[in-house]
Amino acid sequence: MNDNNDSTTPTSLRADTTDNAIKEQQLKMFGNNAGLKQSLNLDNLEEFDKLPYEIHRYSSFSTNYVPENILVDCPSDQSSRWSAHNNNPPQYLTLKLRRPAIVKKIKFGKFEKSHVCNIKKFRIYGGLDEEHMVLLLEGGLRNDHIPETFNLRCVAKDATTSLPILYIKIVPLLSWGPTFNYSIWYIELMGQDDPMYTSGCLKDYNKLREVEIIRLCLKHFRQQGYDTAFKALQEQTHVQLEHPLISELHQCLVVNGDFDKAEKFISDCIEEGLMDDYLNRQDYKHAWRLQHVQGSAQPGNRGGHQLVMDVKKRLIYLFGGWDGFHDLSDLWVFDIKDNCWTQIFEHSEQFNGPTPRSCHKMVFDPVSENIFMLGRYLDNSIRTTEYIKSDFYLYDTRARTWLQICDDTCQVGGPQLMYDHQMCIDVEKRTIYVFGGKVLTPRSVNAASTTSEPEYSGLFSYHIATNTWTQILVDCHHPTASQPDVLSIKSRITHCMVFHNKKRKLYIYGGQRGKEDIHDFITYKVDTQTLEILNRHPNSSGQTNATGNNNASSVSSNSSNSVSAVSNNSNPTNSSDGKNEPSPGYTLRATIDCERNEIYVFSSLSKIKDRRDIHHVDASNSFWVYSLDTHQWSRIYTSRYNSSSPDSTNFDSSRNNLMEPCPRYAHQFVYDDMAKLHYMFGGNPGRSTTPQLRLDDFWILELEKPKRDEILKHCRYLVRKLHYEEMAKADPFKAMHYLRHQIAEVIDHSNPEQLRNFHRLASLLFKCDEDIETEERRLNTLPLGNAIASASSSANEDKSLTEAECSSDMASTTDDEVCAKSEDNTHTADDLSMESCSSSTTSGISDAASSYSAYRKSGGKRSRHSYIQELRARRSFLFNKLVQLMPSNMVQPERNLSDFVII
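The model shown is predicted, which means the values in this text are computed figures rather than measured ones. (Residues numbered from 1 in each chain as written. Predicted model: local features only at pLDDT ≥ 70, side-chain atom pairs only at ≥ 80, totals over all residues. Heavy atoms only, no water.)

Engineer: Can you help me understand the nonpolar core in this one?
Structural biologist: Generally speaking, nonpolar side chains in soluble globular proteins are found buried as a group. One finds L253, I266, M275, I711, Y724, I743 and L882 to be the most contacted residues of the largest nonpolar core, which totals 46 residues. Here this core gets 10 residues from one element, more than from any other, and that element is helix α10 (residues 708-730). If you look at the next biggest cluster of nonpolar residues, it comprises 34 residues, including V103, L137, L152 and I170. (Core = buried A, V, L, I, M, F, W, Y, C linked by side-chain atoms within 4.5 Å. Buried < 20%, exposed > 50% of the residue type's maximum accessible area, 1.4 Å probe, protein only. Helix = DSSP H or I, 4+ residues; strand = E, 2+ residues; numbered from the N terminus.)

Okay, here's the thing in structure tokens:
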């Protein structure tokens, strides 16, 4: 036997060895060319291919601009495009692939220069059937000549099964010229349609659809009371409608009518955290409060100052600013535990500290407990070579001493003197990042310059341990930006920047450059130097991108080793009109909570006209939250400024009655990630009549989501309300006692809306069947916490009860008094928006006979069949409402079988 025989080698190992040998032979033939090496990589078997397609259907087209033009990429030919006959919706193009495929990307070609007919906003749908397609992408194109490629949704709802596509429907929604027709120049689809690859995907997808169809049938059978059919289908297919826990809830609530057990079951589910996902999806409730500090010492009126926070020691530091007449150099500290301000230095320059300044930036290092300060604004009258130096300071909070780290960072590889920049600290890597800001230059230099274009600073890093500066990105208009191996970015002022210490990313949002608003939301991964655009839609000017020119990607470089820019289109909620994200402006202030994966943005006066006069109609405060998990913005609130408020003429009058701060700019905002509170101090209210006025108010903003006890109270109300309604038909006297005790204890008696609904429930005791059938019910839900549900028109006519009135009335009234009160109230009925309950099957409802007997004895006129049918319908409706609060992977399908039946 040959000792070299490899017959004992495992098959998989032999295959790997053979593949490696082939690769080595190919590499020897082609040398060490990196591109060829990459092309020989056999690991990725899902390589994208260009997918052929045909024009299947279209809404309309203009003369010569036929849909078939998009099959050919001719950027220099203005007629090589599809153009709709008009811009009245719906306009669309439907493409048909040659066979089902997994479509990964779509590429939009463009004309060689910007064009008013380019689509600013669009949606793309796809599916195996053109009548049933799902949303694959919502986005928009920049108005430039650069082709854009987007990732398409390519997985089903279970997030694991590939989504086969045969039809692609492109729906333009808005063109860059609002009155112009939509145009598409070229479309290229990329993915995989090899049957050897897609056959398995189709099989998995059809299996997933089959399971969903069975679950819809199971839901329908159970809701209609077809218990035999339900059990037979489940036994034959072995498909579970829902998690066994949810089935147990259905059994005790719908079948057995055991409300006490159902309530206990729900309480256990909430305690186990099964409704936490639902609570986390709810928006925050906000509450501002004006902080009244101890003692008389506190910082005076100012704007353009800086705040930083020592979370561990519960301290907030404030430095400098402009009081309306002079720059300041005082340093203050606020002790949160003692609720008092202490002035550390009145004039820091007398103690080796910085000179008076505003529009500077500070960061706090929790490791060394030092504060770092950089930048300032200088009036044009003193912008001389002597003054324009970018001094860099450190304040040691433990020793209470100042240290000038550098007289001019520009001389040691750092930024020039600038203002309105942003600073963040990477505590783990001991690095400070500085981005943006307008560079200040001596007057003599500006006078001799041939251009009035202002200079902007790029992205710099400062390593604390080695005291070294590094420029990472230059501004796109910097003289070196066109050189090889130089990375550039579109710089700006008045932007936001925060650092996520776990994701190791900088997040940069908004800003301005000259008269241009910048809408980019960018992340920069500091370890890999990767730039990513989170919002891919264009802005109102049509010329904004991260680099500042139409001919570049987010980070531009002539080198093959340039920083990569990847567009993320996973957020379909962002729109180009800016309604679903904060508007860029002068006043954005951002903070971050790395535990919650949330970025918070407070926006106030955002337009130049607002800054001149706060009484402008658009002057408002708004607060936004960006979820890094869902990539979606949520606006927590918007509050328009009320010029008739007591605060509109004098900021010191009626101060205790203010519910929130007035709109402003040049204020400062810090976040306490331990107590989950925001602190805001001072600012400029933008008064045209008193331009020197600055504020000294100190505010705290608290954000809170609904808690478990609130959702528990909400669920208890729903369960007890249904129990009471059934009881009212069978035993009115027992029902009245239940209303006054069991339901009363889950009502918020300080909430007028809940109080009105509670009072109306008493009217059920005196309604006959005909009255109930002809009324529309709206007592389905009880608002969580302090949220007020939309009231019915009849609710506005009811007289509100105070807490004392309700407590005394419902706790001590006689039956006659309750009857007299209820006759003055209108009652609206529950909207049973569920599938038809016409089944003749009434099995499965426990104790129906005894319940029906009691109902007839109390004067009920319905037949037994009708009574039990309604009983099941109401219980099923409540069950459906309760399971909507549970995780979606545990409960029955949200849709109904009847949704797919059209007659």
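Engineer: Before we go on, may I ask you to explain the packing of helix α3 (residues 195-224) against helix α17 (residues 864-883) in this structure?
Structural biologist: If you want to describe how two helices pack, look at the angle between their axes and the distance between the axes. Two elements in contact, α3 and α17, have axes separated by 9 Å at closest approach and are oriented at 140 degrees. What the angle tells us is that α3 and α17 run oblique. Contacts from R222, Q223 and Q224 in α3 reach R872, F879 and N880 in α17. Classifying every residue of the contact of α3 with α17 gives one nonpolar, three polar and two charged. (Axes fitted to C-alpha atoms, helices over the stretch in contact; angles between N-to-C directions. Parallel < 35°, antiparallel > 145°, perpendicular 65-115°, else oblique. Contact = heavy atoms within 4.5 Å. Nonpolar A, V, L, I, M, F, W, Y, C, P; charged D, E, K, R; others polar.)

Engineer: Looking at this structure, I do not really get the packing of aromatic side chains. What am I missing?
Structural biologist: For any two aromatic rings, the description comes down to two numbers: the centre-to-centre distance and the angle of the planes. According to the stated counting rule, one finds 37 aromatic pairs in the structure shown. Aromatic pair F334 and F698: ring centres 4.9 Å apart, planes at 80 degrees, arrangement edge-to-face. Of this pair, F334 sits in strand β14 (residues 327-335) while F698 sits in strand β40 (residues 695-704), placing them 364 residues apart in sequence. The two residues F334 and F698 agree in class, both being buried. Consider the rings of Y433 and F499, whose centres lie 6.3 Å apart with planes at 25 degrees: the pair is stacked. Of this pair, Y433 sits in strand β22 (residues 431-435) while F499 sits in strand β27 (residues 496-500), and the two are 66 residues apart along the sequence. (Phe/Tyr/Trp six-rings, centres within 6.5 Å; stacked < 30°, edge-to-face > 60°.)

Engineer: Is there a simple way to think about the pairing of strand β5 (residues 119-129) in this case?
Structural biologist: Note on strand geometry: in a regular strand, side chains alternate between the two faces of the sheet. As defined by bridge partners, β5 adjoins strand β8 (residues 165-175) across eight bridges and the pair is classed as antiparallel. Bridging from a neighbouring strand, G127 pairs with Y167 of β8. By the bridge criterion, six bridges tie β5 to strand β6 (residues 132-139) in an arrangement that is antiparallel. Of the residues in β6, the one forming a bridge with D129 is H132. Counted along the chain from β5 to the antiparallel partner β6, the turn is two residues long. (Pairing = 2+ DSSP bridges.)

Engineer: Would you explain the layout of surface pockets in this entry?
Structural biologist: Here the idea is plain: a probe the size of a water molecule rolls over the atoms and shows the empty space left. Of the volumes computed, that of the second largest pocket is approximately 1,800 Å³. Lining of the second largest pocket is provided by 47 residues; of these, K157, E212, P893, R895 and F900 occupy positions nearest its centre. Going through the elements one at a time, β5, β6, α3 and α17 are the ones with two or more residues in the lining of the second largest pocket. A per-element tally of the lining of the second largest pocket places α3 first, with 10 residues. For the lining of the second largest pocket, the per-class residue count stands at 21 nonpolar, 13 polar and 13 charged. (1 Å grid on protein atoms, 1.4 Å probe; cavity = no way out; pocket = protein on both sides within 12 Å on 5 of 7 lines; lining within 4 Å. Points joined across faces, edges and corners; volume = space filled by probe spheres on them.)

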